Amino acid sequence: MQTSRSWAEPYKIKMVEPLFITTREERETYIKEAGYNTFLLRSRQVYIDLLTDSGTSAMSDRQWAAMMMGDEAYAGSENFYHLEEAIHKYYGYKYLVPTHQGRGAEHILSKIMIKDGDFVPGNMYFTTTRLHQELAGGTFVDIIIKEAHDPESTHLFKGDCDLQRLEDLIKEKGADKIPYVSIATTVNMAGGQPISMANLKALRALTAKYGIPIVHDMTRVAENAYMIQQNEKGYQDKAVKQIVREICDLTDAATMSAKKDALVNIGGFLAVNDEEIFNQARNMVVIYEGLHTYGGLAGRDMEAMAIGISESVSDDHIRARVGQVLYLGKKLLNAGVPIVKPIGTHGVFIDAKKFLPHLTQEQFPAQSLAAEIYEDSGVRAMERGIVSAGRDKITGENNHPELELVRLTIPRRVYTQAHMDVVAESVQSVYNERDKVKGLKMIYEPEYLRFFQARFEKLG
Ligand code: F0G
């Protein structure tokens, strides 16, 4: 008897975009010119682009049709109201402030809520989120469970918070020094790992006791909801849509990069339930982003987002989306390549420390490996390790994260399973020659978010 059947994409392809094929020799030149930083490659030098799932989704025909319905009025665009309706319907938050992307919302919220000397606990950090917290005078405190830092741990909900750690922190610093707890669904830097509903509920109960709000980084909330449906007791029969709503209802405010889950190429928002915070945010958005009914977006972008949100919470969509990531992950696992377990929802994260045990972390193993994979096949990945972790705000020393990862991030609805096969073969081939991979030396380091623009040279 057949117990499980294959998934397939719940769509067919209507338009295609040619890819660029290069030789190894060309790629060696390109990556050298790019300072061994995949962010500095031109996209025409890339064959399969797994740099990020951000803004790289293929929109649906409904979304493209909606683009023609852009109401480009400076104030009160009809598309803003459609977006507001979608947010009320699928996420439930009361007030909406659109922003050009996720970090626009993080900027505004951090400025409003964080005071100098505050502490902001979170289930691991995201680069831009933490930087905005720090620029507003706060100190990020990692309260994710310890399993999240161990690529081998097969804990199903590595995005969970260590509630004891949080309560100790509250007692040590005082609840008035903690403006909010920051919760990401899913946790990008941990390898695309979900938080469980049980942990979120317990977190809600604990923070309520101290009057501390929860801010939800809901960038990949539908993927998180899918993992709850698949793996958490009591959720098998609930639709992803319902689970998404249940997650949002346990939180007080949200920042969203709609460039991921919500299937648009640009866009984001801040959503809050507190009227006073909304009024401040609505006032501040006009300084940094644009008027409160467009926040840096064109009307057509807001329309595409409203439709993208509705498509993103469909069970059929999300099963195929995560299914494709699992397909690639399983291939690499079967080939013996060390990756973060369990396989994440938006990408496969290679454990560069295990892949390249002959390199020290100061020789940038993940950065080196991403460059090496590019040289091998033109597949572009991203470093998520010591370069991304930046420097300690006080000592100025390099942070040394436990996780030194290369992220193969899968754009939504863009590549086929055959592309995934090519990627797996390339990683495998680099793995077979792994002892030849040399480390890197950083020769240029920008002050903020250095991973975007840092340059490197190959060590001798
Ligand atoms: N939060 C999370 C969890 C993210 O992954 C990102 C972006 C942001 C916030 C910021 O949103 O880019 O719209 O300003 N992540 C991208 C990535 C850049 O490649 O993982 P943004």
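Please read these numbers as outputs of a predicted model, since none were measured by experiment.

Rules used throughout
Residues numbered from 1 in each chain as written. Predicted model: local features only at pLDDT ≥ 70, side-chain atom pairs only at ≥ 80, totals over all residues. Heavy atoms only, no water. Core = buried A, V, L, I, M, F, W, Y, C linked by side-chain atoms within 4.5 Å. Buried < 20%, exposed > 50% of the residue type's maximum accessible area, 1.4 Å probe, protein only. Contact = heavy atoms within 4.5 Å. Domains from an automatic or database assignment. Buried area = accessible area lost by both parts, 1.4 Å probe. Salt bridge = Lys/Arg side-chain N within 4 Å of Asp/Glu carboxyl O. Polar contact = N/O pair within 3.5 Å; in protein donor to acceptor, adjacent residues only side chain to side chain. Helix = DSSP H or I, 4+ residues; strand = E, 2+ residues; numbered from the N terminus. Lys, Arg positive; Asp, Glu negative; His and termini not counted. Pairing = 2+ DSSP bridges. Axes fitted to C-alpha atoms, helices over the stretch in contact; angles between N-to-C directions. Near = heavy atom within 4 Å. Areas by Shrake-Rupley, 256 points an atom, 1.4 Å probe, with all protein chains shown as cover. Nonpolar A, V, L, I, M, F, W, Y, C, P; charged D, E, K, R; others polar. Expected span 1.5 Å × (residues − 1). Phe/Tyr/Trp six-rings, centres within 6.5 Å; stacked < 30°, edge-to-face > 60°. Lys NZ or Arg CZ within 6 Å of the ring centre and 35° of its normal. Parallel < 35°, antiparallel > 145°, perpendicular 65-115°, else oblique. Left-handed = near helix turned anticlockwise from the far one by under 90°.

Ranked by size, the top nonpolar core spans 60 residues in total, and within it Tyr91, Met218, Val244, Phe269, Met305 and Ile309 carry the most contacts. Excluding anything up to four places from it in sequence, Ile309 contacts Leu83, Ile87, Tyr90, Tyr91, Ala262 and Phe269. Among the nonpolar cores identified, the runner-up in size contains 31 residues, and Ile339, Ile373, Val406 and Val427 belong to it.

Interface size is commonly expressed as the accessible area that is lost once the parts come together. For the protein chain, the assigned domains read domain 1 (24-53 + 315-458) and domain 2 (61-312). Using C-alpha coordinates to define each centre, domain 1 is positioned 26 Å away from domain 2. Counting residues at the interface gives 32 residues for domain 1, matched by 44 residues for domain 2. At the boundary of domain 1 with domain 2, total buried surface from both sides reaches about 3000 Å², with 55% on carbon and sulfur atoms. In this structure, Glu311 and Arg413 form a salt bridge, with 3.1 Å as the shortest nitrogen-oxygen distance. Connecting domain 1 to domain 2 are 19 residue pairs in polar contact (both at pLDDT 80 or more). At the level of secondary structure, the elements contributing two or more residues to the side of domain 1 that touches domain 2 comprise α12 (315-334), β9 (347-351), α15 (386-389) and β12 (405-409).

Looking now at the side chain of Glu303. In this fold, Glu303 is placed in helix α11 (residues 299-312). Nearest to the buried, unbridged Glu303 among oppositely charged side chains is Arg62, at 8.6 Å. Engagement of the side chain of Glu303 in a polar contact is seen with the side chain of His82, the distance being 2.8 Å. Among residues more than four places away in sequence, those in contact with Glu303 are Ala66, Asn79 and His82.

Pairing within the open sheet is antiparallel, and its 3 strands lie in the order β9-β12-β11. Every other strand in the sheet has two partners, leaving β9 and β11 (382-384) as the edge strands with one partner each. Each strand axis lies, on average, 35° off the axis of its neighbour in the sheet, ignoring direction. Sheet topology note: the β9/β12 ladder contains 5 bridges and is antiparallel. Across the sheet, residue Ile350 finds its bridge partner in β12, namely Val406. Across the sheet, helix α14 (residues 365-377) lies against β9, β11 and β12, angled at about 40° from β12, the strand it touches most.

Attention now goes to the site of the ligand. Among the 17 residues in the neighbourhood of the ligand, the closest are listed as Thr52, Arg103, Asp217, Ser257 and Lys260. Here an oxygen atom of the ligand and a side-chain polar atom of Asn188 are 2.9 Å apart. Between Asp217 and the ligand, the recorded distance is 2.6 Å, taken from a side-chain N or O atom to a nitrogen atom. Protein burial of the ligand: of its 470 Å² of free accessible surface, 95% is covered by the chains. Counting residues per element, the shell around the ligand draws most heavily on helix α4 (residues 102-113), which supplies 3 residues. Tallied by class, residues from the shell around the ligand come to 2 nonpolar, 8 polar and 7 charged. In terms of domain composition, the shell around the ligand takes at least three residues from each of domain 1 (24-53 + 315-458) and domain 2 (61-312).

This part is about the pattern of salt bridges. The final tally for this structure, using the stated rule, is 32 salt bridges. Measuring nitrogen to oxygen at the nearest pair gives 3.3 Å for the salt bridge that ties Asp61 to Lys14. In this pair, Asp61 sits in helix α2 (residues 61-67) while Lys14 sits in the segment before α1 (24-33), placing the two residues 47 residues apart along the sequence. Since its relative accessible area comes to 47%, Asp61 is described here as partly exposed.

Side chains that are three or four residues apart share a direction in an α-helix, a result of its 3.6 residues per turn. Along its 14 residues, helix α7 (residues 197-210) runs 20 Å from first to last C-alpha, staying within 8% of the 20 Å computed at 1.5 Å per residue. For α7, the set of buried residues is Met197, Asn199, Leu200, Leu203, Leu206 and Thr207.

A negative phi holds for most residues other than glycine; trans holds for most peptide bonds. With omega at -20°, the peptide bond leading from Thr185 into Thr186 counts as cis. On the secondary structure map, Thr186 appears in the loop between β5 (181-184) and α7. Each neighbour pair has its own omega, and for Lys341 with Pro342 the value is -15°, a cis peptide bond. Positionally, Pro342 belongs in the loop between α12 and β9. A positive phi angle, close to 55°, is found at Phe364, a residue other than glycine. Assignment of secondary structure puts Phe364 in the loop between α13 (352-355) and α14.

A full pass over the atoms with the stated rule returns 10 aromatic pairs. Plain terms: the ring middles of Phe80 and Tyr81 are 5.1 Å apart, the flat faces sit at 85° to each other, and that makes the pair edge-to-face. The rings of Phe39, Phe451 and Phe452 are connected pair by pair, giving a single aromatic cluster. Sitting over the ring of Tyr431, Arg434 keeps its end group 3.9 Å from the ring centre.

To continue, consider the packing of α12 against helix α16 (residues 417-432). Across the interface, α12 lies against α16 with an axial gap of 9 Å and an inter-helix angle of 30°. The angle between the axes of α12 and α16 places the two elements in the roughly parallel class. Every pair of crossing elements has a handedness; the one defined by α12 and α16 is right-handed. Packed against α12, whose contacting residues are Gln324, Tyr327, Leu328, Lys331 and Leu332, the element α16 presents Gln417, Met420, Asp421, Val423, Ala424 and Val427 at the interface. Looking at the contact of α12 with α16, its residues break down into 7 nonpolar, 2 polar and 2 charged.

A word on the environment of Tyr125. Its place among the elements puts Tyr125 in the loop between β3 (119-122) and α5 (127-135). Taking the C-alpha atoms as reference, Tyr125 lies 30 Å from Val430; in sequence the two are 305 residues apart.

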